[in-house]
Amino acid sequence: MNRLKIASLALIAGASILSGGCSQDDLSTFAVKDSAVYFPSNNLSHSFIDTPEAEYADVEIKLNIIGPTADYDRPVAVEVNDETTTATAGQYTVLGGMVKAGATSGTVTVRVNNDKQALAQGDLALGLRLLGNDQFSTDIDPETKLPVTGGALVSFEAVLTWSNDIKMPEYMLQRNFLRYVSYTALWVDDDGNVYGEQNEAATRKRLSAKYSSNGLYSKNLAKILREVWPEVLNVFGYLGTDADILEKYPMINPGNVQDLYTKQLFHKLETYIYEYNQAHPDDILRHSDDAAVLNAAGNIVSVKSGDKTYELKLKENPPILVNPFSL
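The notes below deal with the structure included here.

About the thresholds
Residues numbered from 1 in each chain as written. Predicted model: local features only at pLDDT ≥ 70, side-chain atom pairs only at ≥ 80, totals over all residues. Heavy atoms only, no water. Salt bridge = Lys/Arg side-chain N within 4 Å of Asp/Glu carboxyl O. Helix = DSSP H or I, 4+ residues; strand = E, 2+ residues; numbered from the N terminus. Buried < 20%, exposed > 50% of the residue type's maximum accessible area, 1.4 Å probe, protein only.

### So, the pattern of salt bridges
One pass over the full model with this rule turns up 11 salt bridges. With a closest N to O distance of 2.7 Å, Arg111 and Asp58 form a salt bridge. Within this pair, whereas Arg111 is found in strand β6 (residues 105-113), its partner Asp58 is found in strand β3 (residues 56-66), the two being separated by 53 residues in sequence. Lys313 is the salt-bridge partner of Glu311, the closest N and O atoms lying 3.4 Å from each other. On the basis of relative accessibility, which here comes to 38%, the residue Glu311 falls in the partly exposed class. Relative accessible area serves as the criterion here: at 45%, Lys313 is assigned to the partly exposed category.

So this is what it looks like as structure tokens:
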């Protein structure tokens, strides 16, 4: 199947999903062999923080398909990408990929070992690359954008990192969801140090609001989210929009005034922070030392001022604030 046909199929599949699904007539246009497969998220992580004595963990990495379903299980071909892998062969096992009969999504399962000695030195990473086989194609132009992914580019490569430290939830970077969760005003001094508050002498300069429109992330924020919210959130439907998926993982759609589930989540987070701060007025909830403003790709935002360029890594542990737009 050539790239042009796959690209057309991608757009038809996306438009069909957005309009309520494909009809039988739509599906009859394409054979099962015309299906393609891709990663909806290409940066994933796992932490052994809750299971420090576990020898390993089996991590399921989500796949989405383009095209019709099949009435039988379909294997997915995947290989290790050496260019993005830091782990050694003995620290992981790729257990295989599969799309179950009738499903519009599947998984690649990877067993990652809790190598405490190695993890004490830093995170381990495993790069994966999807391959075409007799069931699925990956012959899609990498510039193809899919409506079903919110306009994101299709991706045939992903990187799974694991550690024994708390990690950013996978859902946080879906369409820059972080900016709906946490925010701060931004102030900078003459040396380029960035803060979340003005000082008593009022000598810091306020940065443009366009920078604070990105979210502020830290490990302390991640710890609170683990306390308050479910571990998995279907942000903007990135996990899927099939009825069985939505029953288990309701869609999170910030900004939709009719989305009561999302509003309940944010009010729960706001209440947790408010009640803690009321009980601990001298030790309110603050971001940890790693606090930084991140863009949609998860990278620290940089600012250029005159001949200086500096990253928005915040000093003095600013207070954790929920974006009021989401409440």
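### Here's the deal with unusual backbone geometry
For Ala202, which is not glycine, the phi torsion reads 55° and is therefore positive. With respect to the helices and strands, the residue Ala202 is situated in the loop between β10 (194-195) and β11 (205-206). For Phe236, which is not glycine, the phi dihedral falls at a positive 55°. Its location among the elements puts Phe236 in the loop between β13 (234-235) and α7 (243-248). The exposure class assigned to Phe236 is buried, which follows from its relative accessible area of 15%.

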